[in-house]
Amino acid sequence: MWTIIDDSTNTLYVSAVSYWEITLKSNLGKIQLPKTKPAELFLHATKSGILSLDLLSEYASFDRLPFFENHKDPFDRMIIHQCITKGYILISSNRVFEKYIDSGLVLLHN
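Below or above, wherever it landed, is the structure these notes cover. Owing to the predicted nature of the structure, the values given are computational and were not obtained by experimental measurement. (Residues numbered from 1 in each chain as written. Predicted model: local features only at pLDDT ≥ 70, side-chain atom pairs only at ≥ 80, totals over all residues. Heavy atoms only, no water.)

Observations concerning the side chain of Thr36
Looking at where Thr36 falls in the secondary structure, it is placed in the loop between helix 2 (16-27) and helix 3 (38-47). Here Thr36 falls in the buried class, since its relative accessible area comes to 18%. Within polar-contact distance, the side chain of Thr36 engages the side chain of Glu40 at 2.7 Å. Not counting residues within four places of it along the chain, the set of residues in contact with Thr36 comprises Leu41 and His44. (Helix = DSSP H or I, 4+ residues; strand = E, 2+ residues; numbered from the N terminus. Buried < 20%, exposed > 50% of the residue type's maximum accessible area, 1.4 Å probe, protein only. Polar contact = N/O pair within 3.5 Å; in protein donor to acceptor, adjacent residues only side chain to side chain. Contact = heavy atoms within 4.5 Å.)

A look at helix 3
Looking at helix 3, one finds that the buried residues are Pro38, Leu41 and Ala45. For helix 3, the buried positions fall inside an angular range of 25 degrees around the axis, keeping them on one side. Residues Ala39 and Lys47 are exposed on helix 3 and point more than 90 degrees away from its buried face. Considering only its buried residues, helix 3 is in contact with helix 2. (Arc of directions from axis to C-beta.)

A look at the packing of helix 2 against helix 5 (residues 74-86)
Two elements in contact, helix 2 and helix 5, have axes whose closest approach is 10 Å; the angle formed by their N-to-C orientations is 165 degrees. Classified by the interaxial angle, the pair formed by helix 2 and helix 5 is roughly antiparallel. Pair helix 2 / helix 5 crosses with left-handed handedness. Contacts from Val17, Ser18, Trp20, Glu21 and Leu24 of helix 2 reach helix 5 at Phe75, Met78, Ile79 and Gln82. Residue composition of the contact of helix 2 with helix 5, grouped by class: six nonpolar, two polar and one charged. (Axes fitted to C-alpha atoms, helices over the stretch in contact; angles between N-to-C directions. Parallel < 35°, antiparallel > 145°, perpendicular 65-115°, else oblique. Left-handed = near helix turned anticlockwise from the far one by under 90°. Nonpolar A, V, L, I, M, F, W, Y, C, P; charged D, E, K, R; others polar.)

Digging into the nonpolar core
Val17, Ile80, Leu90, Phe97, Tyr100, Leu105 and Leu107 are the most contacted members of the largest nonpolar core, which has 13 residues in total. Broken down by element, this core gets its largest block of residues, five residues, from helix 5. Those residues within four positions of Phe97 in sequence are excluded, and the remaining contacts are His71, Asp76, Ile80, Leu90, Ser92, Leu105 and Leu107. (Core = buried A, V, L, I, M, F, W, Y, C linked by side-chain atoms within 4.5 Å.)

Some thoughts on the packing of helix 2 against helix 3
As a packed pair, helix 2 and helix 3 sit with axes 9 Å apart at the nearest point and diverge in direction by 150 degrees. With respect to each other, helix 2 and helix 3 are oriented roughly antiparallel. When you trace helix 2 past helix 3, the crossing you get is right-handed. Counted together, Tyr19, Ile22, Thr23 and Ser26 of helix 2 and Pro38, Leu41, Phe42 and Ala45 of helix 3 form the full contact between these two elements. Of the residues that constitute the contact of helix 2 with helix 3, the class distribution is six nonpolar, two polar and no charged.

With respect to the environment of Asp6
Checked against the element boundaries, Asp6 lands in helix 1 (residues 3-6). Overall, the relative accessible area of 65% leaves Asp6 in the exposed class. Along the primary structure Asp6 and Cys83 are separated by 77 residues, whereas in three dimensions their C-alpha atoms are 20 Å apart.

Okay, here's the thing in structure tokens:
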């Protein structure tokens, strides 16, 4: 699975939504980042050659996605909609994302 990440011909992105969610959860004490601060994540990713996928208004209108009662996470839904809209492959270990394959999500997970 990780060959897609190791392949230098592929472009890797982290959604700005992910940075937002990590910062929020860190500030609420829900996650710990012992060796870095949330504000430094973007810099670390950039130094590693990972680009940022900005949250544009076209991605924020994720109401077109099907609604699943057991999956209401707005951060997940925004990222899923970004990937569908851009035609990107989403790499995640979250199995609930499989529900969106019929909506056009291309998913790679372990």
